[in-house]
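Each chain, written out:
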Amino acid sequence: MSDSAILQQALGDPLLSKLELGYRRRYFPLGFPLEVQTNSPQVIDAAAENWGMFSQSFDIAPMRLALGVREPAAAEPFPEKSNFFSRDHLMSIIANADNFVTCDFEQAYTFGWITHALASDSDTLRYRFLTPAAMVMSGYLALATLHGALISRGNCGVMLCGESFAGKSTLAYACARAGWTYISDDGTFLVRDRLDRYALGNPHFIRFRQEARELFPELADQLVITRPNGKIGMELSTRDLPIAIAPGTRIKHVVMLDRHRSGAAGLRRYPKDQMQTWCERFVNFGPDEVRCAQTRCHRRLLEAALWELSYANLDEAVRRLEQLVDLGG
């Protein structure tokens, strides 16, 4: 008899709504308080790996994530990607019938079930459920999401944007090795109630493609794996790397990356209308009032200096960005 059947008989609880989630810990992803409730110490371990380095910086009622772990009624192959569905203040993240969560943004509450197999796979659990659940809840409450790396030089924040393979993570890390401060390699989050374009990121991890081992000697011995998103690469803790980190910065420059095979690094102005169109791609859930608040926040980003950086050589790109910050152009 399966675990769930035994529990149903013992508790008279066919929906498992009374099952005690006895493990409870509080974490602070991006500085937002989040209470994790579960019946599995493996979920707690994964949450600690994900968010144990953050401290609280937002004084709000805690968000809640309740994640039950059980054996499935029948074994199913775990799919390569999750499906996201959202309407108004609700969002569901579904891998299959045994691995899913549902977010209620108005209650700042996420609930779901996963299998023991997923609970034991920390990387996949973090990537497929823990991180997205926390990010969409905090995004609904107070943030405007953007797809870009974030670094700073002194008090000057620079966001690096672009499609996959544009080199955001690699260039961000190269700048950090040259004395910049690293904030994020991918996800940048503008704080909506601030007018100074202040943005947050996760500075505790950085992800590389396998080619980075050839560019940076300290990465040469790092193990390359197939990551939970299907891409081949590495996820490293920044505490093991020779760089400075910070939780956020004020964005002064936004740089769209255009990596070429050859040619000198060069900067040119990037059109505001194209940047606005690019930002609109990331306003895609929540009721109208939340989407409007995120759009207004994105529009403040257009007040920054907008650039396009064409480059082939990484060192040249770093020097060109240093000239941009130090000399203003």
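Scroll up a little and you will see the structure.
This report concerns the structure included in the present document. (Residues numbered from 1 in each chain as written. Predicted model: local features only at pLDDT ≥ 70, side-chain atom pairs only at ≥ 80, totals over all residues. Heavy atoms only, no water.)

Some remarks on the environment of His298
- Its location among the elements puts His298 in helix α8 (residues 288-301).
- Separated by 153 residues in the primary sequence, His298 and Thr145 place their C-alpha atoms 8.7 Å from one another.
- A polar contact of 3.1 Å, which involves the side chain of His298, links it to the backbone oxygen of Thr145. (Helix = DSSP H or I, 4+ residues; strand = E, 2+ residues; numbered from the N terminus. Polar contact = N/O pair within 3.5 Å; in protein donor to acceptor, adjacent residues only side chain to side chain.)

A short note on the sheet that holds strand β3 (residues 63-70)
- Pairing within the open sheet is mixed, and its 7 strands lie in the order β1-β2-β3-β7-β6-β5-β4. Looking at the sheet topology across the chains shown, the edges are occupied by β1 (23-27) and β4 (83-87). Pairs of neighbouring strands in the sheet enclose a mean axial angle of 15°, with direction left out of account.
- Contacting β2 (34-38), β3, β4, β5 (90-96), β6 (99-104) and β7 (109-115), helix α4 (residues 122-142) crosses the sheet at an angle of about 155° to β3. (Pairing = 2+ DSSP bridges. Axes fitted to C-alpha atoms, helices over the stretch in contact; angles between N-to-C directions. Contact = heavy atoms within 4.5 Å.)

Quick look at empty space enclosed by the protein
- On inspection of all chains with the given rule, the structure shows 1 cavity of 30 Å³ or more.
- A volume near 60 Å³ is recorded for the largest cavity.
- Lining the largest cavity are Gln276, Cys279, Glu280, Thr295, His298, Arg299 and Leu302.
- When contributions to the lining of the largest cavity are tallied by element, the ones reaching two or more residues are α7 (272-280) and α8.
- Here the lining of the largest cavity is composed, by residue class, of 2 nonpolar, 3 polar and 2 charged. (1 Å grid on protein atoms, 1.4 Å probe; cavity = no way out; pocket = protein on both sides within 12 Å on 5 of 7 lines; lining within 4 Å. Points joined across faces, edges and corners; volume = space filled by probe spheres on them. Nonpolar A, V, L, I, M, F, W, Y, C, P; charged D, E, K, R; others polar.)

Some remarks on the side chain of Thr249
- As for its position among the elements, Thr249 is in strand β17 (residues 248-259).
- Those residues in contact with Thr249 that lie beyond four places of it in its chain are Leu150, Ile151, Ser152, Asn155, Cys156, Gly157, Ile183, Arg197, Tyr198 and Ala199.

Some details on the side chain of His298
- A relative accessible area of 4% places His298 in the buried class.
- Contact partners of His298, with chain neighbours within four places excluded, come to Ala144, Thr145, Leu146, Leu190, Cys279, Phe282 and Val283. (Buried < 20%, exposed > 50% of the residue type's maximum accessible area, 1.4 Å probe, protein only.)

A closer look at the pattern of salt bridges
- Throughout the structure, instances matching the rule amount to 17 salt bridges.
- The residue Glu218 makes a salt bridge to Arg177 at a minimum N-O spacing of 2.7 Å. Of the two residues, Glu218 is situated in the loop between α6 (212-215) and β14 (225-226) and Arg177 in helix α5 (residues 168-177); the sequence distance between them amounts to 41 residues.
- One salt bridge connects Glu235 with Arg207, and the closest N-O pair in it is separated by 3.1 Å. Here Glu235, found in strand β15 (residues 232-237), pairs with Arg207, found in strand β13 (residues 205-209); they are 28 residues apart in sequence, far enough to count as distant.
- Take Glu235: its relative accessible area is 31%, and that puts it in the partly exposed class.
- Classification of Arg207 by relative accessible area gives partly exposed; the value is 21%. (Salt bridge = Lys/Arg side-chain N within 4 Å of Asp/Glu carboxyl O.)

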